[in-house]
Amino acid sequence: MTERLFTDTGVADNLARIRESIADACALAGRRQEDVQLIAVTKTVDAARINEAIAAGVHQIGENRVQEYCQKRPLLSDECGLVTHLIGHLQTNKVNQIVGKVDMIQSVDSFRLAERISRASVGLGIVSKVLIEVNIGAEEAKSGVEPDKLSELLEMVAGLPGICVRGLMTVAPILPSETEKRKVFSRMYQLFVDNRGKNMDNISMQELSMGMSGDYREAILEGATMVRIGSAIFGNRNYIK
Ligand SMILES: *Cc1c(COP(=O)(O)O)cnc(C)c1O
């Protein structure tokens, strides 16, 4: 046996623990582990540390801000085909800076934004994959379309060229108990299923992106196909640079 040396910074250990916990939740839900994708949320994390996570097997990352993403993207190792997601609120005036540079925009919550993404995509001759963000907790300070406005937004977006809706995303409210968390995610899953059944152009409901460090197990139990995990991988964020 050869001995291997590695510098342990915690990221690989954290990832191993999270994967185990994802596998466990999948088993509990009678789901296959490969049906739940892990997206490492890398906001405020520097490129070197992101590359450690990539070396430890992460192949999808999510960033919140256009500028931060564009600065770090060229520094990230891409040997295994990195898949990237924009998960933070996107202002319409930043659309041209991000379309074509990211694999999926998860935070589309208005027709105006979808229209801008459509126009930029047509200009580049591409089809942008997006998720529609839903404000499932109807929280005032949160982005996302209200649940009862979702169908209408989907119907409008369906008519746009250069954009393909691949599913839904949500940031759930912070709730104290597992039961309450699951109830919210289950409402989200119901919305997902209801709209999956409709046959709309440019809409292919495949992904349900929900669950973060504090609630990804509950999200998986209720049908998440993507979980977005930041602090449980990289530790607490330090916003002061
Ligand atoms: C920061 C963030 C996450 C990850 O949050 P953690 O609690 O650190 O896992 C997931 N989704 C969105 C939209 C975020 O902004």
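For every chain, the first residue of its written sequence is number 1, and the numbers climb from 1 along that sequence. Reporting in this predicted model follows two pLDDT cut-offs: at least 70 for local features of residues, and 80 or more for side-chain atom pairs to be given and counted; totals over whole chains, interfaces and linings ignore these cut-offs and use all residues. As a rule here, side-chain values come from all non-hydrogen atoms in the structure, and water together with hydrogens is ignored.

Let us look at the overall build of the protein chain. Only DSSP runs of H or I with at least four residues qualify as helices, and only runs of E with at least two residues qualify as strands; both kinds are numbered from the N terminus onward. Each helix and strand in the protein chain was counted, giving nine helices and eight strands. Here the C-alpha radius of gyration of the protein chain, 18 Å, is about what a compact globule of 241 residues would show, namely 18 Å. Structurally, the protein chain occupies a C-alpha span of about 60 × 40 × 35 Å along its principal axes. Within the span of the protein chain, comprising 241 residues, buried residues form 49% of the whole. Per element, the accessible surface of the protein chain, about 12500 Å² overall, is 49% carbon and sulfur. The charge count treats Lys and Arg as positive and Asp and Glu as negative. His and the chain ends do not count. For the purpose of locating charges, the reference atoms are NZ of Lys, CZ of Arg, CG of Asp and CD of Glu. Across the protein chain, the mean location of the 29 positive side-chain charges is 3 Å away from that of the 31 negative side-chain charges. Throughout, the radius of gyration refers to the C-alpha atoms, and the reference size of a globule is 2.2 Å times the residue count to the power 0.38. Only protein chains enter the area calculation, which uses a 1.4 Å probe; residues under 20% of their type maximum are buried, those over 50% are exposed, and those in between are partly exposed. Accessible surface area values rest on a Shrake-Rupley calculation with a 1.4 Å probe, where residue burial reflects the displayed protein chains alone.

Right, let's get into the layout of surface pockets. With a 1 Å grid laid over protein atoms only, a set of points is called a cavity when a 1.4 Å probe fits there but cannot get out and a pocket when it is open yet has protein on both sides within 12 Å along at least five of seven lines; lining residues have an atom within 4 Å of a point. Grid points are joined across faces, edges and corners, and a volume is the space filled by probe spheres set on the points. What the largest pocket holds in volume is close to 330 Å³. Along the walls of the largest pocket sit 21 residues, with Lys43, Asn64, Val171, Met212 and Arg228 positioned nearest its centre. Three classes are used, and their members are as follows: Ala, Val, Leu, Ile, Met, Phe, Trp, Tyr, Cys and Pro are nonpolar, Asp, Glu, Lys and Arg are charged, and the others, Gly among them, are polar. Here the lining of the largest pocket is built from residues that sort into seven nonpolar, nine polar and five charged.

With that out of the way, let us pick up the site of the ligand. We call a residue near a molecule or strand as soon as one heavy atom of that residue lies within 4 Å of the molecule or strand. Val41, Lys43, Asn64, Ile87, Val171, Met212, Ser213, Arg228, Ile229, Gly230, Ser231 and Arg237 make up every residue found near the ligand. Residue Ser213 places a side-chain N or O atom 2.5 Å away from an oxygen atom belonging to the ligand. With respect to the ligand, the backbone of Gly230 contributes an N or O atom lying 2.8 Å from an oxygen atom. Protein burial of the ligand: of its 390 Å² of free accessible surface, 89% is covered by the chains. What decides whether a molecule sits in a cavity or pocket is whether more than half of its atoms lie within 2 Å of the grid points. Judged by the fraction of its atoms near the pocket grid, the ligand is located in the largest pocket. Its residues assigned to classes, the shell around the ligand comprises five nonpolar, four polar and three charged. Polar contact is defined as a pair of N or O atoms within 3.5 Å, subject to the rule that within protein one atom must be able to donate a hydrogen and the other to accept it, and that residues adjacent in sequence are counted only when both atoms are side-chain atoms.

Looking now at helix α7 (residues 178–196). To estimate the expected span of a helix, subtract one from its residue number and multiply by 1.5 Å. Spanning 19 residues, α7 covers 26 Å between terminal C-alpha atoms, matching the ideal 27 Å at 1.5 Å per step. Looking only at α7, the buried set comprises Lys181, Val184, Phe185, Met188, Leu191, Phe192 and Asn195. Burial along α7 is one-sided: seen end-on, the buried residues are contained in an arc of 105°. Residues of α7 that are exposed and angled more than 90 degrees away from the buried face: Thr179 and Lys183. On the buried face of α7, the contacting elements are α6 (150–158), β6 (163–169), β7 (203–209) and α8 (216–221). Relevant arc is that of directions from the helix axis to the C-beta atoms, nothing else. Whether two residues are in contact is decided by their heavy atoms: any pair within 4.5 Å suffices.

With that settled, consider the packing of aromatic side chains. Stacked, edge-to-face and tilted labels apply to pairs of Phe, Tyr and Trp rings (six-membered ring for Trp) whose centres lie within 6.5 Å, assigned for plane angles under 30 degrees, over 60, and everything in between, in that order. Evaluation of the coordinates by the stated rule reveals one aromatic pair. Note on Tyr189 and Phe192: the rings are 6.1 Å apart at their centroids and 45° apart in plane angle, and the pair reads as tilted. On the criterion of helical spacing, the pair formed by Tyr189 and Phe192 is a turn pair, its members being three residues apart in helix α7. The exposure class assigned to Phe192 is buried, which follows from its relative accessible area of 2%.

Once that is clear, we can look at helix α2 (residues 47–55). Looking at α2, one finds that the buried residues are Ala47, Ile50, Asn51, Ala53 and Ile54. The buried residues of α2 occupy an angular sector of 155° when projected down its axis, which confines them to one face. Turned more than 90 degrees from where α2 packs its buried face, Ala48 and Ala55 sit exposed. Of the surrounding elements, those touching the buried residues of α2 are α1 (11–29), β2 (60–63), α3 (66–72) and α9 (231–234). Gly57 sits one or two positions beyond α2 and adopts a positive phi of about 110°.

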